[in-house]
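These are the residues of each chain, in order.
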Amino acid sequence: MIAVEEALALVLENSFPLKESEILPINQCINRNLAKAIKAPIDLPSFRLSSMDGYALCLHQSNTYSIVDEVKAGDAANPSLRIGECVRIYTGAVVPDNADAVIMQEKTIRNQDTVTIEGPVNKGQNIRLVGSQVKKGDFPLEKGQVLQASGLAFLKSLGIDEVEVVRLPKVTIVITGNELITSSEKLTRGKIYESNSILLQAALLNQGIKTQLISFTEDSLKETISNLKKAFFYSDIVLVSGGISVGDYDFVKQALKELEVKEVFYKVRQRPGKPLFFGKKDRVFIFALPGNPASTLSCFYVYVLPLINRLKGGKSDGLIRLSIPIEHDFKSVEPRALFLKATVQNKTVRILDRQHSSMLVSFTMANALVYIPQQGILLKKGALVETLLLPNSILT
Ligand code: AMP
Ligand code: MG
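By convention here, each chain's residues receive numbers from 1 onward along its written sequence. Here every chain gets a letter starting at A, and every ligand a number starting at 1, in the order they are written. The predicted nature of this model means local features are confined to residues of pLDDT at least 70 and side-chain atom pairs, given and counted, to a pLDDT of 80 or more, with totals for whole chains, interfaces and linings taken over all residues. Processing note: side-chain calculations cover all non-hydrogen atoms of the structure and skip hydrogens and water entirely.

Peer 1: Help me understand the side chain of arginine 32, please; the structure alone is not making it clear to me.
Peer 2: Positionally, arginine 32 belongs in the loop between strand S1 (21-25) and strand S2 (49-50). Here a polar contact is recorded for every N or O atom pair within 3.5 Å, except that within protein the pair must consist of a potential hydrogen donor and a potential acceptor, and residues adjacent in sequence are included only if both atoms are side-chain atoms. A polar atom in the side chain of arginine 32 sits 2.6 Å from the side chain of glutamate 22. Those residues in contact with arginine 32 that sit more than four places away from it in its chain are Glu22, Leu24, Gln145, Val146, Leu147, Val165, Val166, Arg167 and Leu168. Under the DSSP-based scheme used, a helix requires at least four consecutive residues in state H or I and a strand at least two consecutive residues in state E, with every element numbered from the N terminus. Note on contacts: a residue pair qualifies if any of its non-hydrogen atoms lie within 4.5 Å across the two residues.

This is the structure we're talking about:
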């Protein structure tokens, strides 16, 4: 059994960006990581433009200017101004070459063909210079950078329509358990509705990954081996659910051994998710996740997510970690590190009830996991605790 930090370090040590990349249209690149740095093909902005609705002035001593023309956003005109003249101008319009500054409309008084300005005007005021955001030839986006809405729009603003991104990892899921049935079956004695397949598929979809294949496996060594073999063929990552503990009908560990999967670690000093397994078979990563649903998801967020991020070409070590004051006293008598479902609100964190690894209900309300590394500890209200923000963590 190893410590949480050790396990996480081993996952990161074994993670590297996938070598293959693909060129995709921008609209298919949300959440994808750049395979190469982006070189700006143009200056941004590419012309001097007004950041206000107002008047573009060719400066002189007096506060009154004669209005000689008008430039709207999108116009190509470049009216020539003499000293003391101005043009009516609007946000986003080209500033005439011989205008020195733009004064905002709210600081002017208009009289027919002249305008009087209030207060001083500085040269260059309210004019966005060519290349002031990005210069042609600069590299504003780095290799590995993840593209969000802002990144996609920024690329579009540079006139870029497609980019090279690291390919997504192929992930398959192997669900084990004789007790599992689907919701279309009749709930009979001893059976439960299976939920880890949607849990993992949805968590993967949040990362932009469509599961390649899901198999459902009886608790038998033969079937487990056969389904794992199939999964290895299609995957960069295989996620196994259940069957990794020490019961007589837990066959995953033995199956992995017979398939010559190299164990990186097995069992982590944590709750939930103690019997977590991580290993490799050639280029395929295997996580065997304990089957209790809250363990499965907790292990996914803490260990699988960093691997996915790195394979996708990103640099992230996983969920964002913050030190946040706890809203109440908390006592742990556990001899293991804890990951506790929690809510962050008003700059404090509250640990939720119903933490058992079989209980998803607290996860449905959580936007964070509190990590308590110490064994057996009393935390006073206001103490800072390490808090991992769940993906898309907002409170609804
Ligand atoms: P295991 O890790 O196979 O020992 O399973 C631990 C607990 O999680 C048992 O109570 C299982 O019934 C439950 N469990 C395992 N797999 C799933 C699943 N796919 N969906 C819902 N519950 C599961
Ligand atoms: Mg089982």
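Peer 1: Looking at this structure, how should I read the sheet that holds strand S6 (residues 101-104)?
Peer 2: Two pairing modes exist for strands in a sheet, parallel and antiparallel, and in both the strands are linked by backbone hydrogen bonds. The 6 strands lie next to each other as S6-S3-S5-S4-S8-S7, forming an open sheet whose pairing is mixed. Looking at the sheet topology across the chains shown, the edges are occupied by S6 and strand S7 (108-111). Here the strands of the sheet are splayed against their neighbours by 35 degrees on average, with no regard to which way each runs. As defined by bridge partners, strand S3 (residues 54-57) adjoins S6 across 4 bridges and the pair is classed as antiparallel. Bridging across to S6, leucine 57 finds its partner in alanine 101. Strands qualify as paired when DSSP identifies two bridges or more between them. Axis definition: a line fit to C-alpha positions, over the contact stretch in the case of helices; interaxial angles, taken between N-to-C directions, run 0 to 180 degrees.

Peer 1: How do you make sense of the pairing of S7 when you look at a structure like this?
Peer 2: For a regular strand, the rule is simple: side chains alternate between the two faces of the sheet. Pairing analysis gives 4 bridges linking S7 to strand S8 (residues 114-117), with the strands arranged antiparallel. Note on S8: the bridge partner recorded for isoleucine 109 is threonine 116. The antiparallel pairing of S7 with S8 creates a hairpin that spans 2 residues between the two strands, and glutamine 112 there sits at a positive phi of about 30 degrees.

Peer 1: Explanation requested: unusual backbone geometry in the structure shown.
Peer 2: Leave glycine aside and you will find that most residues have negative phi; peptide bonds, for their part, are mostly trans. Across the junction of leucine 44 and proline 45, the peptide omega takes the value -5 degrees, indicating a cis bond. Inspection of the secondary structure assignment puts proline 45 in the loop between S1 and S2. Here the residue pair arginine 271 and proline 272 is connected by a cis peptide bond, since its omega of 0 degrees sits within 30 degrees of zero. On the secondary structure map, proline 272 appears in the loop between strand S17 (270-271) and strand S18 (277-281). A positive phi angle is found at asparagine 31, which is not glycine, with a value near 70 degrees. One can find asparagine 31 in the loop between S1 and S2.

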